[in-house]
Structure formats: C-alpha cells, structure tokens
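Chain by chain, the residues run as shown.
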Amino acid sequence: MATWSRPAAGTTVLLGALVVFDAAAFEANQQREGVTLAYSDPADALAAPMRTRIIDTFFAAYVRERADFHPGAPSQVRIVIDPGYDGIAFVGEGKGAATITINPGWLAKHPDDIDLVTHEAMHIVQGYPEYANERVPGWLVEGIADYARDRYGRENAAAGWALPTTVKDGQNFDSGYRVTGAFLKWSQARHPGLVKALDGALREGRYTPALWQARTGLALPALWAAYVQAR
Ligand SMILES: [Zn+2]
C-alpha cells in the first residue's frame, strides 16, 4: 500500500496508487508490514526511479532485520535526502535514532551502492544507547551493520560489494565494517545465534569481550586467530 502526499499545492498525475506532484520538494509516506516510512527529499534531488529503489530496498531490508534482531525497533522511520551532507549516509548524530540521511550526490555517482540503505537500516534496528566506547565498540556496531548488508542486501553483487574472503596484513577483528562483518559471518556459521547475542548485549548495555568466549568457547583474539588460519 502506498500513500504519497505533499503539503504544497501543485498539479498531480495519478499513476495507480502513486501521486506525483510537480512542486520542488518531494515528500512521501508509505506503509508496509507494520512499518511506516516517511521519505523526504526537500530539494527534489533524486528522480523517481532512484527514489523507488531506495524505498524498496529499505522495506526489504528493515522489515527482516527488525524481525530477526529487534522486533521492538521503531515502526516509524524517516529517510531524508540531503544534498548539503557531504558524507555517504548516516543514522543518528543529532538527526534522531530512526532517521537515515543520504547524500544524493553519492547515489548519483554510485547508483549500484543502493544497499548502503540496508547497512543504515540495520543501525536503526541496533538502536544502541551509546556508540564507540567499551560497552558499544564502534568496530562491532559497523561490523554487524555490514554483516546485515551482506545478509539482507539485494544488489551487493552489482555494486561489486562483498564481504572479504581473505585476511590482509594489519587487519584484526576490530578493523570494523566489512573485515569485522566477514569475521562475524564466519563465526556465526560455526556458532549459530552469535550475532544476535552480541546485538542484544550491545543494546542492553551488557556487552563485554567475555561474551565471545561464552558463546564460542574461544576468547576473541583466539577466535580471530582461528579465522585467519581458516582463511
Ligand atoms: Zn554504519
């Protein structure tokens, strides 16, 4: 089901359930499977096909990430397209824990990187109370988000995006992002439930490195060493 709306007056073209307005800003509300997404593109920076891909990618990922990891995660999410943001995309940092901000310039240059939405959607599911400290290490937060991008993403291959299958010199379990994501995937395959246990502990403020040993039988550095050996 889709409802599209915009406060400003303008001519409308009806395409089934889709209402397109000709004013400068684009606002849309859409609801699927118990989740409401407010999509906002105040500068009308992205054309309809990319908008559709963002929205479809969001729902495909978020509904499953939320069901698998944290059914209590927000049911109302916002995506804001902000040409003034010079990074790629982020959640939080003053914009709220349920808002994904995206730089449209990045997607214009890298249209296949659409599953950055899948990574950011996982950050909303994570909803950890802190970031980048002992209780909620940034490398683990980003590693879980890239683990989720690999698991729930739909167009990673087209983007040339994959979790690495080898380990390079200088990498460690706390390298973060794809390096940690690949380590999590390998560890999860041998210890089902590991990523969910880590995620739950991080959310509830009870994460410690000892959790790795409790779940896998190996301390974190030893588990990494076994991973390197296997690769
Ligand atoms: Zn991230």
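Residues numbered from 1 in each chain as written. Predicted model: local features only at pLDDT ≥ 70, side-chain atom pairs only at ≥ 80, totals over all residues. Heavy atoms only, no water.

**Student:** Pulling in residues and values, what's your account of the overall build of the chain?
**Tutor:** When helices and strands are tallied, the chain shows 8 helices and 8 strands. A globule of 231 residues ought to have a C-alpha radius of gyration of about 17 Å, and the chain, at 19 Å, matches this closely. For the chain, the spread of C-alpha atoms along the principal axes amounts to about 65 × 35 × 30 Å. Across the 231 residues that make up the chain, the buried fraction comes to 46%. For the chain, restricting intrachain contacts to residue pairs at least 6 apart in sequence, the fraction spanning at least 24 positions comes to 55%. Summed over all atoms, the accessible surface of the chain reaches about 10700 Å², with 54% contributed by carbon and sulfur. Positive and negative side-chain charges in the chain, numbering 22 and 25 respectively, have mean positions lying 5 Å apart. (Helix = DSSP H or I, 4+ residues; strand = E, 2+ residues; numbered from the N terminus. Rg over C-alpha atoms; globule rule 2.2 N^0.38 Å. Buried < 20%, exposed > 50% of the residue type's maximum accessible area, 1.4 Å probe, protein only. Contact = heavy atoms within 4.5 Å. Areas by Shrake-Rupley, 256 points an atom, 1.4 Å probe, with all protein chains shown as cover. Lys, Arg positive; Asp, Glu negative; His and termini not counted. Charge placed at Lys NZ, Arg CZ, Asp CG, Glu CD.)

**Student:** Now, about the nonpolar core: what can you tell me, with residues and values included?
**Tutor:** With 62 residues, the main nonpolar core has Ile54, Phe58, Ile102, Tyr207 and Trp212 as its most contacted residues. Of the residues forming this core, the biggest block, 9 residues, is contributed by helix α1 (residues 48-69). In contact with Trp212, not counting residues within four places along its chain, are Trp139, Leu140, Phe183, Leu184, Leu194, Leu198, Tyr207, Gly217, Leu218, Leu220 and Leu223. (Core = buried A, V, L, I, M, F, W, Y, C linked by side-chain atoms within 4.5 Å.)

**Student:** So what's going on with unusual backbone geometry? Which residues, and what values?
**Tutor:** Residues other than glycine predominantly adopt negative phi, and peptide bonds predominantly adopt the trans conformation. Non-glycine residue Glu33 carries a positive phi angle of around 45°. Tracing the sequence through the fold places Glu33 in the loop between β4 (26-32) and β5 (35-41). Unlike most non-glycine residues, Asp44 shows phi in positive territory, near 50°.

**Student:** If you had to explain the pairing of β5 to someone new, which residues and values would you point to?
**Tutor:** Here β5 lies mainly inside the structure; 7 of its 7 residues are buried. Going residue by residue along β5, you find Val35, Leu37, Tyr39 and Asp41 tucked away on one face and Thr36, Ala38 and Ser40 tucked away on the opposite face as well. Relative to β5, β4 runs antiparallel, the two being bridged by 7 bridges. Counterpart to Asn29 in the pairing with β5 is Ala38. Hairpin remark: β4 followed by β5, antiparallel, with 2 residues in the connecting loop; positive phi at Glu33, about 45°. Relative to strand β6 (residues 76-81), β5 runs parallel, the two being bridged by 5 bridges. Within β6, the residue paired with Leu37 across the bridge is Val77. As a crossover connection, the stretch from β5 through α1 into β6 is left-handed. (Pairing = 2+ DSSP bridges. Right-handed = clockwise from strand over helix to strand, strands pointing away.)

**Student:** Let's hear about the side chain of Asp113: which residues, and what values?
**Tutor:** Locating Asp113 in the fold gives a position in the loop between α2 (104-109) and α3 (116-126). Under the relative-accessibility criterion, Asp113 is labelled buried at 15%. Within the structure, Asp113 has its side chain in polar contact with the side chain of Trp106 (distance 2.9 Å). Apart from residues lying up to four places away in sequence, Asp113 is in contact with Trp106, Leu107, Arg149 and Ala159. (Polar contact = N/O pair within 3.5 Å; in protein donor to acceptor, adjacent residues only side chain to side chain.)

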